[in-house]
Amino acid sequence: MSASGTTTGRRLAVAGVVTAVVVVVAWTQRRDLADVVRGVHLADPRWLLVLAAALLLWWAAWTALHATALAGVTRLRAADLPAVAGGAVSAVALNSVVTSAGLAGLAAMARAGRRRGLPRTEVATAYLLAATVTDLGFLLVLLAGFGVLGARGELTGLDWLAGGLFTLLSVARVALTVLAVRRPAALHALAVRAARVRAAVTRRPAAAPDPARTRELVETAEVLTRRPARAVPPLLAAACVDVAGVGMLWAALAAVGGPHDLGLALSAYVLASVAAILGPLPGGIGAAELGAGAALTVAGVPLGIAAAATLLFRVAEFWVPLAVGGLAWVAVREGEPA
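Residues numbered from 1 in each chain as written. Predicted model: local features only at pLDDT ≥ 70, side-chain atom pairs only at ≥ 80, totals over all residues. Heavy atoms only, no water.

Caption draft 1: Examining the overall build of the protein more closely. A count of helical and extended segments in the protein gives 13 helices and zero strands. Each helix (α) and strand (β) of the protein, taken in turn from the N terminus, gives the series α-α-α-α-α-α-α-α-α-α-α-α-α. Taking contacts inside the protein between residues at least 6 apart in sequence as the whole, the part at least 24 apart equals 74%. By element, 68% of the accessible surface of the protein is carried by carbon and sulfur atoms, the whole surface being about 17200 Å². (Helix = DSSP H or I, 4+ residues; strand = E, 2+ residues; numbered from the N terminus. Contact = heavy atoms within 4.5 Å. Areas by Shrake-Rupley, 256 points an atom, 1.4 Å probe, with all protein chains shown as cover.)

Caption draft 2: View of the packing of aromatic side chains. Taken as a whole and assessed by the stated rule, the structure comprises six aromatic pairs. An angle of 75° between the planes, with centres 6.2 Å apart, marks the rings of Y269 and F313 as edge-to-face. With a gap of 44 residues between them, Y269 in helix α11 (residues 262-278) and F313 in helix α13 (residues 303-335) connect regions that are remote in the sequence. In this pair, the class of Y269 matches that of F313, namely buried. Ring plane angle 85° and centroid distance 4.7 Å describe the contact between F318 and W319, whose orientation is recorded as edge-to-face. Given a relative accessible area of 4%, F318 falls into the buried group. Three or more aromatic residues joined by ring pairs form one cluster here, namely F138, Y269 and F313. (Phe/Tyr/Trp six-rings, centres within 6.5 Å; stacked < 30°, edge-to-face > 60°. Buried < 20%, exposed > 50% of the residue type's maximum accessible area, 1.4 Å probe, protein only.)

Caption draft 3: Broad picture of the confidence of the model for the protein. Across the protein, the average pLDDT comes to 77, with 68% of residues at or above 70. No element of the protein has a lower mean pLDDT than helix α8 (residues 184-202), at 50, and none a higher one than helix α10 (residues 232-255), at 94. (pLDDT = per-residue confidence, 0-100.)

Caption draft 4: Local environment of the side chain of S267. Here S267 lies in helix α11. According to the relative accessible area criterion, S267 is buried, its value standing at 9%. In this structure S267 touches L149, D159 and A295, once residues within four positions along its chain are discounted.

Caption draft 5: Geometry of empty space enclosed by the protein. Applying the stated criterion across every chain yields a total of two cavities of 30 Å³ or more. The space that makes up the second largest cavity amounts to roughly 30 Å³. In terms of lining, the second largest cavity is formed by L70, V84, M109, A112, G113, L118 and V123. Of the residues forming the lining of the second largest cavity, the biggest block, three residues, is contributed by helix α5 (residues 106-116). For the lining of the second largest cavity, the residue count by class is six nonpolar, one polar and no charged. (1 Å grid on protein atoms, 1.4 Å probe; cavity = no way out; pocket = protein on both sides within 12 Å on 5 of 7 lines; lining within 4 Å. Points joined across faces, edges and corners; volume = space filled by probe spheres on them. Nonpolar A, V, L, I, M, F, W, Y, C, P; charged D, E, K, R; others polar.)

Caption draft 6: Spatial organisation of the side chain of S90. Counting through the fold element by element, S90 comes out in helix α4 (residues 81-97). Overall, S90 belongs to the buried group, its relative accessible area being 4%. Ignoring any residue separated from it by four or fewer positions in sequence, one finds S90 in contact with A108, G325, A328 and W329.

Caption draft 7: Geometry of α11. Compared with an ideal rise of 1.5 Å per residue, which puts 17 residues at 24 Å, α11 spans 24 Å between its outermost C-alpha atoms and is within 8% of the ideal. Between the side-chain oxygen at the start of α11 and the backbone nitrogen of G263 there is a gap of 2.9 Å, and the oxygen is on D261. (Expected span 1.5 Å × (residues − 1). Polar contact = N/O pair within 3.5 Å; in protein donor to acceptor, adjacent residues only side chain to side chain.)

Caption draft 8: Molecular detail of the packing of helix α3 (residues 45-73) against α4. Remark: α3 packs on α4, axes separated minimally by 9 Å, with the N-to-C direction vectors making an angle of 115°. Note on packing geometry: the crossing formed by α3 with α4 is right-handed. Side by side, α3 and α4 meet where W58, W59, W62, T63, H66, A67 and L70 of the first sit next to L81, V84, A85, A88, V89 and V92 of the second. Looking at the contact of α3 with α4, its residues break down into 11 nonpolar, two polar and no charged. (Axes fitted to C-alpha atoms, helices over the stretch in contact; angles between N-to-C directions. Left-handed = near helix turned anticlockwise from the far one by under 90°.)

Caption draft 9: Representation of the pattern of salt bridges in the model. Scanning the entire structure with this criterion turns up five salt bridges. Among the ionic pairs, D80 bridges to R116, the shortest N-O distance being 2.7 Å. One end of the pair, D80, is in the loop between α3 and α4; the other, R116, is in helix α5, and 36 residues separate them in sequence. Relative accessible area serves as the criterion here: at 0%, D80 is assigned to the buried category. R116 sits in the partly exposed class, given a relative accessible area of 30%. Residue R314 pairs with E317 through a salt bridge whose shortest N-O separation is 2.9 Å. In this pair, R314 and E317 both sit in helix α13, three residues apart, roughly one turn of the helix. Like R314, the residue E317 is buried in the burial classification. (Salt bridge = Lys/Arg side-chain N within 4 Å of Asp/Glu carboxyl O.)

Following this line, the structure appears as structure tokens:
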């Protein structure tokens with residue numbers, strides 16, 4: 001069997017296991033699932049409007065993230081913003097279906113840059129800048145939320161676990177940034193070793209790291225370290241992305257009759273986000289739902305309400321952006337000359 005066939009087989013096996021677990025849970029909790037259907041069907045339309053507004057804010061924040069990152073490395077005109085918005089929506093969709101540490105969306109932003117005549121290298125640098133500050137923006141929201149929850153005495157063991165795991169991932173990113181600036185050759189060597197480890201795990205031939213990608217990462221790191229002020233606007237936009245995400249989960253929970261508790265929504269959002277990062281499937285499918293549901297039920301929310309809220313949240317935060325971004329990607333692709 002070929003390497004690609006082996007990888008596809010493993011992914012199908014993982015998907016099969018996840019599907020089997022979902023079917024077993026659904027069967028054993030079928031009475032609670034009736035409450036889920038009832039909760040979604042009877043969702044408060046006023047809170048659904050709040051959920052829709054939070055989704056629009058989430059999209060606007062993603063657009064602002066990429067626009068401010070581009071403005072930090074190249075000249076960006078007002079006429080470029082529609083293309084940037086389309087690229088941002090498509091990038092979110094691509095990153096949802098491709099496991100690539102957030103780099104799949106670069107194709108969408110590169111296409112948007114080509115349409116507006118922006119330099120390819122600067123577009124790539126801006127995209128990597130946006131990808132880097134995305135985690136830092138989440139960390140800001142995490143620290144602020146933990147401060148509020150700690151003051152209220154509502155931090156749980158799951159909160160500490162999720163926060164600790166994400167902090168470790170953030171520290172690793174910062175270390176890579178510092179390494180890229182101070183020792184670019186060492187960064188390339190680390191990428192080679194990582195490719196070998198990945199090849200050993202997946203039993204696929206090791207692919208040589210792309211030197212152009214390494215240079216882009218070095219340039220991004222230089223922007224962050226030599227001109228840190230340019231990273232502030234995209235950092236604030238990245239924080240707004242997660243604030244809007246918390247708002248979506250808060251509105252979804254309230255819509256199905258759950259508590260109107262922003263602290264609880266934040267706790268569930270953090271656990272869902274970390275679970276999505278660590279999950280085996282693209283977009284955190286299955287893992288994000290389990291993370292959010294676990295946080296809500298541990299906090300005392302009935303299983304039916306927790307599941308209904310999680311379902312509404314994931315429709316707004318994952319499936320709707322995936323559909324809209326996918327359509328935007330296809331529409332732009334069909335509109336390009338052959």
